[in-house]
Amino acid sequence: MQKVAFIINPFSAKKNYQVFLDHLKSKVENPLVYISVSVAGTEKFIDENFNSTDIFIAIGGDGTISSVAKKLLNTGKILGGFPAGSGNGFSREVNFNKNIDELLDKIQKNNFKEIDTFTINNLLSINVSGTGFDAEVAKKFEETSRGFKNYIKVTLKTFFKYKPVEMKFQEKYSKYDGKYLMINLANTRQFGNNAFISPNSDLCDGLVEVALVKKFPIYYAPIFAYEMFSGKLKENNFVKYISVSEIKFSVNTKIWHIDGDYKEIFSPIEVHVNPKSLRILV
């Protein structure tokens, strides 16, 4: 078996990691395991084991996987994952699943695929990041005990009070200036839980989709939800897409989410795609 390290976020993986750990130890003798207490601690662990490790496996949500990915860009190292978050959008898109035996088989075969990543003001994103309504939800969601039910509760409570974000583009995209309920940058198709905000996104095309959603009347809400969860969302009077390799714009808020985790980012915003910059286990 390849030299592999397992990095566990016990906070996002609190319902899964002990089962994972027990199963792992029953299959692998003396596995290299790190129980993370902070992003800084994770980065230090990766640095200390970098030269002797071929594959790093992140056990947690998309934020955990992204924090590990950041240290592996353009290095030849391979990222694997065991999903244990609330939405697991990235894991769903790249087929990181909860079958430990399948994960160990993948490690043994050592096959990988090179995918794109992108940055927002030099902050790495591997999945979907954005500002607006869903960023506000991400901020409030972190104040709960998490879980899909709490996410739905926070979403419904926030929707009726939320005021759209004002957006102003630089250069050739000024025709899209306006107010938006959601502004998302999509490397993959979905937020998580099979909510497909950008059904045509491709991890390997060198582009990120800017998904612009205007605030819509209440009658459109069930239609929007159905189309998003069925993967049929497309351009209409409320939804627009722009495919870019880089773009600049400003918004009148600092509230963002990066791969589902709340983050403060100040305008102006600069987005850059990093083509085929990350190797993932397949």
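Criteria and cut-off values
Residues numbered from 1 in each chain as written. Predicted model: local features only at pLDDT ≥ 70, side-chain atom pairs only at ≥ 80, totals over all residues. Heavy atoms only, no water. Helix = DSSP H or I, 4+ residues; strand = E, 2+ residues; numbered from the N terminus. Contact = heavy atoms within 4.5 Å. Polar contact = N/O pair within 3.5 Å; in protein donor to acceptor, adjacent residues only side chain to side chain. Salt bridge = Lys/Arg side-chain N within 4 Å of Asp/Glu carboxyl O. Phe/Tyr/Trp six-rings, centres within 6.5 Å; stacked < 30°, edge-to-face > 60°. Buried < 20%, exposed > 50% of the residue type's maximum accessible area, 1.4 Å probe, protein only. Lys NZ or Arg CZ within 6 Å of the ring centre and 35° of its normal. Pairing = 2+ DSSP bridges. Axes fitted to C-alpha atoms, helices over the stretch in contact; angles between N-to-C directions. Parallel < 35°, antiparallel > 145°, perpendicular 65-115°, else oblique. Left-handed = near helix turned anticlockwise from the far one by under 90°. Nonpolar A, V, L, I, M, F, W, Y, C, P; charged D, E, K, R; others polar.

Q: Would you mind going over the environment of Asn-184 with me for this structure?
A: Residue placement: Asn-184 occurs in strand S10 (residues 182-186). Along the primary structure Asn-184 and Ile-46 are separated by 138 residues, whereas in three dimensions their C-alpha atoms are 30 Å apart. If near-sequence neighbours (up to four positions away) are discounted, Asn-184 is found in contact with Val-128, Ser-129, Gly-130, Asp-134, Phe-191, Ile-197, Glu-209, Val-210, Ala-211 and His-257. For Asn-184, the side chain forms a polar contact with the side chain of His-257, separated by 3.2 Å.

Q: Looking at this structure, how should I read the pattern of salt bridges?
A: Once their charged atoms are close, side chains differing in charge can pair, the charge on each being opposite to the other. Within this structure, the stated rule accounts for ten salt bridges. When the shortest N-O distance is used, the salt bridge between Lys-109 and Asp-105 registers 3.2 Å. Here the residue Lys-109 and the residue Asp-105 both occupy positions in helix H5 (residues 100-109), the gap between them amounting to four residues, near one helical turn.

Q: Can you walk me through unusual backbone geometry in this structure?
A: With an omega dihedral of 5°, the bond running from Ser-267 to Pro-268 counts as a cis peptide bond. Mapping Pro-268 onto the fold places it in the loop between strand S15 (261-264) and strand S16 (269-281). One non-glycine residue with positive phi stands out, namely Asn-121, at about 50°. By secondary structure assignment, the location of Asn-121 is in the loop between strand S5 (112-120) and strand S6 (123-125).

Q: Just checking my understanding: could you explain the packing of aromatic side chains for this structure?
A: A ring pair, where both rings are aromatic, is described by two values, the distance of the centres and the angle of the planes. Per the counting criterion, the structure on display carries 14 aromatic pairs. Between the aromatic rings of Phe-90 and Phe-96, the centroid separation amounts to 6.1 Å while the plane-to-plane angle is 75°, which identifies the pairing as edge-to-face. Of the two residues, Phe-90 and Phe-96, neither departs from the other in class, the shared state being buried. In textbook terms, an aromatic cluster arises when at least three aromatic residues are bridged by ring pairs, as seen for Phe-169, Tyr-173, Tyr-176, Phe-249 and Trp-256. For Lys-77, the ring lying beneath its charged end belongs to Phe-50, and the centroid distance is 4.8 Å.

Q: Explanation requested: the sheet that holds S15 in the structure shown.
A: Read from one edge of the open sheet, six strands run S12-S11-S10-S7-S14-S15, paired in antiparallel fashion. Bordering the open sheet on either side are strand S12 (239-244) and S15, each of which pairs with just one other strand. Averaged over neighbouring strand pairs, the angle between their axes works out to 20° when direction is ignored. The sheet contact formed by strand S7 (residues 128-132) and strand S14 (residues 255-258) spans two bridges and is antiparallel. Residue Thr-131 lies in a different strand from S14, and its bridge partner there is Trp-256.

Q: I'm lost on the packing of helix H6 (residues 133-141) against helix H7 (residues 148-159) in this one. Help?
A: Geometrically, a packed helix pair is captured by the angle between its two axes and the distance between the axes. Look at H6 against H7: their axes get within 9 Å of each other, and the N-to-C directions meet at 130°. The angle between H6 and H7 places the two elements in the oblique class. Viewed along their axes, H6 and H7 form a crossing whose handedness is right-handed. Between H6 and H7, the contacting residues are Phe-133, Glu-136, Val-137, Lys-140 and Phe-141 on the first element and Asn-150, Tyr-151, Val-154, Thr-155, Thr-158 and Phe-159 on the second. Classifying every residue of the contact of H6 with H7 by side-chain character gives six nonpolar, three polar and two charged.

Keep in mind that these numbers describe shape and distance, not what the molecule does.
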